[in-house]
Amino acid sequence: MESLSLSSSSPYARVSTALHHLPFLIPKPSSATAAAAAAPRSSLSVLRSPPRRHLSCKSTPIDSSPVKEKKMGDELELSNVLALSKLDGRYWSKVKDLAPFMSVYALIKYRVLVEIKWLILLSQLPEITEVPCFSNEAQRFMLDLVDEFGESDALEVQKIERVTNHDVKAVEYFLKQKCQSHPEISKVIEFFHFACTSEDINNLAYGVMLKEALKCVLLPVMDELVDAICSMAKAYAHIPMLSRTHGQPASPTTVGKEMSIFAFRLSRAREQVSQVEILGKFAGAVGNYNAHMVAYPYINWHRVAEDFVISFGLGFNPYVTQIEPHDYMASLFHSIDEFNTVLIDFDRDIWGYISLGYFKQITKPGEIGSSTMPHKVNPIDFENSEGNLGKANALLTFMSSKLPVSRFQRDLTDSTVLRDIGDVLACSLLAYRNTLQGIKKLQVNEAQLHEDLNNSWEVLAEPIQTVMRRYGVPEPYEKLKELTRARAVTEESMREFIQGLDLPQEAKSILLELTPSKYIGAAAELARNIDVAIKASKSK
């Protein structure tokens, strides 16, 4: 590891020397990486805020190939049998899209981004004459550290942290090492992390991580879910289904109408997630710009901090302690919890409809449902989804109540909890994708739906007694109660009852035309109009 040309008394020099004795190997850069580093860099015009190409959805994902580590002289491949978490093992393929945004690698990379953008901004403040405005080439050099930040760089930062026992200070030392050879940047190298507390760096890093993870991964998959259930609603809009209230036969609906309810609920919950404003702070050790104002008293540091935070696409929180108080995180996690809760309801209803035979599951050659019962085709996708949503919601609830609470101007209890955000989002993402997978296997069983309806003529008691009320027939409810309660009701017995009513012939004809399958009210129309309803809801 290349060390800085600093005096032996320099803290970084001591760290650099100590690092040589650590039994930790940093992967050498590939030939392709070395060639890219040697290639000439393009110039960059002086900008108030550096480009954010590295924050787009096209961010280069981390290498998902197995990581190898040394153990007792042998190469051990870290596969899913060695992973401590199911998310990094068994279910990695379903959650890996979050890694570029929510992994340890991502946290370190976004810390690097914040530190570099802060130094560039300082160079553009005319009052800070000690940091002249950087040339295009110098800015490009620093921004390339972010754009080309790879796993080996993250490991190098962690190597430094083994000595410092401080993760953010390790990032500062890493940047000093990388920039000490640059003739322009090396002159102002001590302005890295100028007047910053670690939480100035961390809160912006987490804010950008959350913003990008939501925009690039979570919200699009939420949209997939809403779209998939909307498609079910429209495709099955006309298919009658027996309702069940309290588990008992109730007035018929359609399969599509019941799906449209979930599509509408999930769409509203998704919008609430997207509307939460992610906030940031950059006000120093206790939120007062204390050190800033001693060093440069004539700079409007509040305005500088606000502009800096906004440059990341975040909202600015002007009233903070050492930390951004995480109230927005509580709101965000509550909103995700609401989406997840609605999806649990959907999973359970689909599970129930499968058990009733209303849906069949399309089988895949070679798959096994039970190790002992060959006939089984279990609704495992919806069960897996429900389980992961339950775990995610438990953590979301805990984090929503924990993170906004910090002793006095700051304690460290939030730090370890924040590191679980990736796990929480990954459990949710895993559940969403399992539900989507389950939906693709569903096939409506119209024969079973028709059979259940045809065996439930008692559900016509509701429209008959309602028409009787219209025409003044005494005790309509009581008469239907006597006919239908604890008795088998057939098509014949129901028609016989209608014929004996003192009603106008037109009303009788309408009732005689009714069947359980036809008694669906506006269900089909409601299901077909789900797209319009969702669009109208978003416009409010």
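Residues numbered from 1 in each chain as written. Predicted model: local features only at pLDDT ≥ 70, side-chain atom pairs only at ≥ 80, totals over all residues. Heavy atoms only, no water.

With respect to the overall build of the protein chain
Scanning the protein chain for helices and strands turns up 23 helices and 8 strands. Across the protein chain, the fraction of contacts at a sequence separation of at least 24, relative to all contacts at a separation of at least 6, is 79%. If you sum the accessible surface of the protein chain, you get close to 26,900 Å²; carbon and sulfur atoms cover 53% of it. (Helix = DSSP H or I, 4+ residues; strand = E, 2+ residues; numbered from the N terminus. Contact = heavy atoms within 4.5 Å. Areas by Shrake-Rupley, 256 points an atom, 1.4 Å probe, with all protein chains shown as cover.)

Considerations on the pattern of salt bridges
Think of it this way: side chains of opposite charge can pair up when their charged atoms draw near. Scanning all chains against the criterion turns up 25 salt bridges. One salt bridge in this structure joins Asp531 and Lys234, with 2.5 Å as the shortest N-O distance. With Asp531 in helix 23 (residues 530-539) and Lys234 in helix 9 (residues 198-235), the pair connects residues that are 297 residues apart, well separated along the chain. Under the relative-accessibility criterion, Asp531 is labelled partly exposed at 36%. Asp345 is paired through a salt bridge with Arg265; the nearest N and O atoms lie 2.9 Å apart. Of this pair, Asp345 sits in helix 13 (residues 327-355) while Arg265 sits in helix 10 (residues 255-275), placing them 80 residues apart in sequence. Take Asp345: its relative accessible area is 30%, and that puts it in the partly exposed class. (Salt bridge = Lys/Arg side-chain N within 4 Å of Asp/Glu carboxyl O. Buried < 20%, exposed > 50% of the residue type's maximum accessible area, 1.4 Å probe, protein only.)

Details of the packing of aromatic side chains
Scanning the entire structure with this criterion turns up 15 aromatic pairs. Here Phe339 and Tyr432 contribute two aromatic rings whose centre-to-centre distance is 5.2 Å and whose plane-to-plane angle is 70°, an arrangement assigned as edge-to-face. In this pair, Phe339 is assigned in helix 13 and Tyr432 in helix 16 (residues 421-440), connecting sequence segments 93 residues apart. In this structure, Phe339 and Tyr432 share a single accessibility class: buried. Taken together, the ring pairs connect Trp118, Phe282, Trp301, Phe308 and Phe312 into an aromatic cluster. (Phe/Tyr/Trp six-rings, centres within 6.5 Å; stacked < 30°, edge-to-face > 60°.)

Remarks on helix 16
Compared with the 28 Å implied by 1.5 Å per residue over 20 residues, the 29 Å span of helix 16 between its first and last C-alpha is a close match. Of all 20 residues in helix 16, 17 are buried; the element is thus mostly enclosed. (Expected span 1.5 Å × (residues − 1).)

Description of the pairing of strand 3 (residues 240-245)
Across 5 bridges, strand 3 lies against strand 4 (residues 248-254) in antiparallel orientation. Residue pairing for strand 4: Pro240 is matched across the bridge by Thr254. Where strand 3 folds back on strand 4, the antiparallel hairpin that results is connected by 2 residues, among which His246 adopts a positive phi of roughly 60°. (Pairing = 2+ DSSP bridges.)

Points about the side chain of Asn445
In this fold, Asn445 is placed in the loop between strand 8 (442-444) and helix 17 (446-454). Classification of Asn445 by relative accessible area gives buried; the value is 14%. Sequence-distant contacts of Asn445, defined by excluding residues within four places in its chain, comprise Gly357, Tyr358, Phe359 and Lys360.

With respect to unusual backbone geometry
Within the chain, His193 stands out as a residue other than glycine whose phi angle is a positive 65°. Tracing the backbone shows His193 in the loop between helix 8 (167-179) and helix 9. Taking the relative accessible area as the measure of exposure, His193 reaches 13% and is therefore buried. Phi is positive for Phe408, close to 50°, though the residue is something other than glycine.

A short note on helix 6 (residues 136-147)
Over its 12 residues, helix 6 runs 16 Å from end to end, which matches the ideal 16 Å to within 8%, given 1.5 Å per residue. For helix 6, a buried count of 9 out of 12 residues is recorded, marking the element as mostly surrounded by other parts of the structure. Within the span of helix 6, buried status applies to Ala138, Gln139, Arg140, Phe141, Met142, Leu143, Asp144, Leu145 and Val146. On its buried face, helix 6 is in contact with helix 5 (104-123) and helix 8.

Examining the packing of helix 9 against helix 10
At their nearest, the axes of helix 9 and helix 10 sit 7 Å apart, and the two run at 160° to each other. In terms of orientation, helix 9 lies roughly antiparallel with respect to helix 10. The two elements helix 9 and helix 10 cross, and the hand of that crossing is left-handed. Contact residues: helix 9 offers Leu214, Leu219, Met222, Asp223, Val226, Ile229, Cys230, Met232 and Ala233, while helix 10 offers Gly256, Met259, Ser260, Phe262, Ala263, Leu266, Ser267, Arg270, Val273 and Ser274. Residue composition of the contact of helix 9 with helix 10, by class: 13 nonpolar, 4 polar and 2 charged. (Axes fitted to C-alpha atoms, helices over the stretch in contact; angles between N-to-C directions. Parallel < 35°, antiparallel > 145°, perpendicular 65-115°, else oblique. Left-handed = near helix turned anticlockwise from the far one by under 90°. Nonpolar A, V, L, I, M, F, W, Y, C, P; charged D, E, K, R; others polar.)

Considerations on the confidence of the model for the protein chain
Looking at the protein chain as a whole, its pLDDT mean stands at 87, while 83% of the residues score no less than 70. Within the model, the stretch residues 1-78 combines pLDDT values under 50 with 123 contacts to residues more than four positions away or in other chains. (pLDDT = per-residue confidence, 0-100.)

Here we look at the environment of Ser198
Mapped onto the elements, Ser198 comes out in helix 9. When the C-alpha atoms of Ser198 and Asp167 are compared, they prove to be 8.9 Å apart, with 31 residues separating the residues in sequence. Residues in contact with Ser198, not counting those within four places in the same chain, are His166, Val168 and His193.

What to know about the packing of helix 13 against helix 16
Interhelical geometry of helix 13 versus helix 16 gives an angle of 25° and a closest axis separation of 11 Å. It follows from the interaxial angle that helix 13 and helix 16 lie roughly parallel. You can see that helix 13 and helix 16 cross each other, and the crossing is left-handed. The residues of helix 16 that touch helix 13, namely those facing Met329, Phe333, Ile336, Phe339, Asn340, Leu343, Phe346 and Asp347, are Ile421, Leu425, Ser428, Tyr432, Thr435 and Ile439. Grouping the amino acids of the contact of helix 13 with helix 16 by side-chain chemistry returns 10 nonpolar, 3 polar and 1 charged.

Details of the environment of Arg270
With respect to the element layout, Arg270 can be found in helix 10. Spatially, the C-alpha atoms of Arg270 and Pro220 are 10.0 Å apart, while their sequence positions differ by 50 residues. Setting aside anything within four residues of it in sequence, one finds Arg270 in contact with Leu219, Met222, Asp223 and Phe339.

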